[in-house]
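Chain and residue survey
Listed below are the residues making up each chain.
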Amino acid sequence: MNEQISTLPVPARQFCVPLSATRRGARLGRLLATEQLRSWELPLDPARLIVAELTANAALHGRVPGRSFRLALAVTAEGVVRIEVTDTRGDALPVPRTAATGPSESGYGLLPVEELADRWGVRHGPVPCKTVWAELDPADTSDQRTREKNQPTKPNPA
């Protein structure tokens, strides 16, 4: 987990919505994020998987009765996608875990976010809130890097 706050230039596109801190609110957040990413013509995955994890955590661990959580998406002119989920449980910080103890549907902490995001972290405040954020670098350059790494080198037929 990054303790530092990533500096995000002024976003070219923004989306923000308050959601009820319930399973239904988490589901609605995933659906709204998917539609927003689609309208921006961005790849859905891994962004929607990160949104799913962060909204589910906000509904489960960040829940305060009568208070909502906030989902925000932003895209910079350079194409960096930033996902933020803010809840009102600033005292309940994510605990980094290396792996779950066995096969299960939960208990992985933010391991999926750590694996899928290029950067992630937690920002404290304003009291009593915390924001868990994740950033994804532009898909075209990261996909190209992956292809270049996995492509075998061929001898030059000269």
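Residues numbered from 1 in each chain as written. Predicted model: local features only at pLDDT ≥ 70, side-chain atom pairs only at ≥ 80, totals over all residues. Heavy atoms only, no water.

Before going further, it helps to examine the sheet that holds strand β2 (residues 68-76). What the 5 strands build is an open sheet, ordered β1-β2-β3-β5-β4; its pairing is antiparallel. Sheet topology places β1 (11-20) and β4 (119-124) at the edges, where each strand pairs with a single neighbour. Each strand of the sheet is rotated relative to its neighbour by a mean of 15°, with strand direction disregarded. As paired strands, strand β3 (residues 81-87) and strand β5 (residues 130-136) are joined by 7 bridges and run antiparallel to one another. Bridging from a neighbouring strand, Val85 pairs with Val132 of β5. Along the sheet, helix α1 (residues 23-39) makes contact with β1 and β2, crossing β1 at roughly 160°. Sheet strands touched by helix α2 (residues 47-60): β2, β3 and β5. Its angle to β3, the strand with the most contacts, is close to 10°. (Pairing = 2+ DSSP bridges. Helix = DSSP H or I, 4+ residues; strand = E, 2+ residues; numbered from the N terminus. Axes fitted to C-alpha atoms, helices over the stretch in contact; angles between N-to-C directions. Contact = heavy atoms within 4.5 Å.)

Bringing the environment of Ala77 into the picture now. Along the polypeptide, Ala77 turns up in the loop between β2 and β3. Once the C-alpha coordinates of Ala77 and Ala12 are considered, the two residues, 65 residues apart in sequence, prove to be 5.2 Å apart.

Turning our eyes to something else, we now look at the nonpolar core. Membership of the largest hydrophobic core comes to 28 residues, with the highest contact counts inside it found for Ile50, Leu54, Leu71, Leu73, Ile83, Val113 and Trp120. Counting residues per element, the ones that place at least two in this core are β1, α1, α2, β2, β3, β4 and β5. A total of 5 residues in this core trace back to one element, the largest contributor, which is α2. Among residues more than four places away in sequence, those in contact with Leu54 are Ile83, Val85, Leu110, Val113 and Val132. (Core = buried A, V, L, I, M, F, W, Y, C linked by side-chain atoms within 4.5 Å. Buried < 20%, exposed > 50% of the residue type's maximum accessible area, 1.4 Å probe, protein only.)

Another point: the pairing of β2. Counting buried positions along β2 gives 7 out of 9 residues, so the element sits mostly inside the fold. Taken together, the 9 bridges between β1 and β2 define a ladder with antiparallel strand orientation. Bridging from a neighbouring strand, Val17 pairs with Leu71 of β2. When β2 meets β3, the two strands line up antiparallel, connected through 6 bridges. Bridge pairing in β3 links Leu71 to Val85. If you look at the hairpin formed by β2 and β3, you'll find 4 residues sitting between the two strands, and Gly79 has a positive phi there, around 95°.

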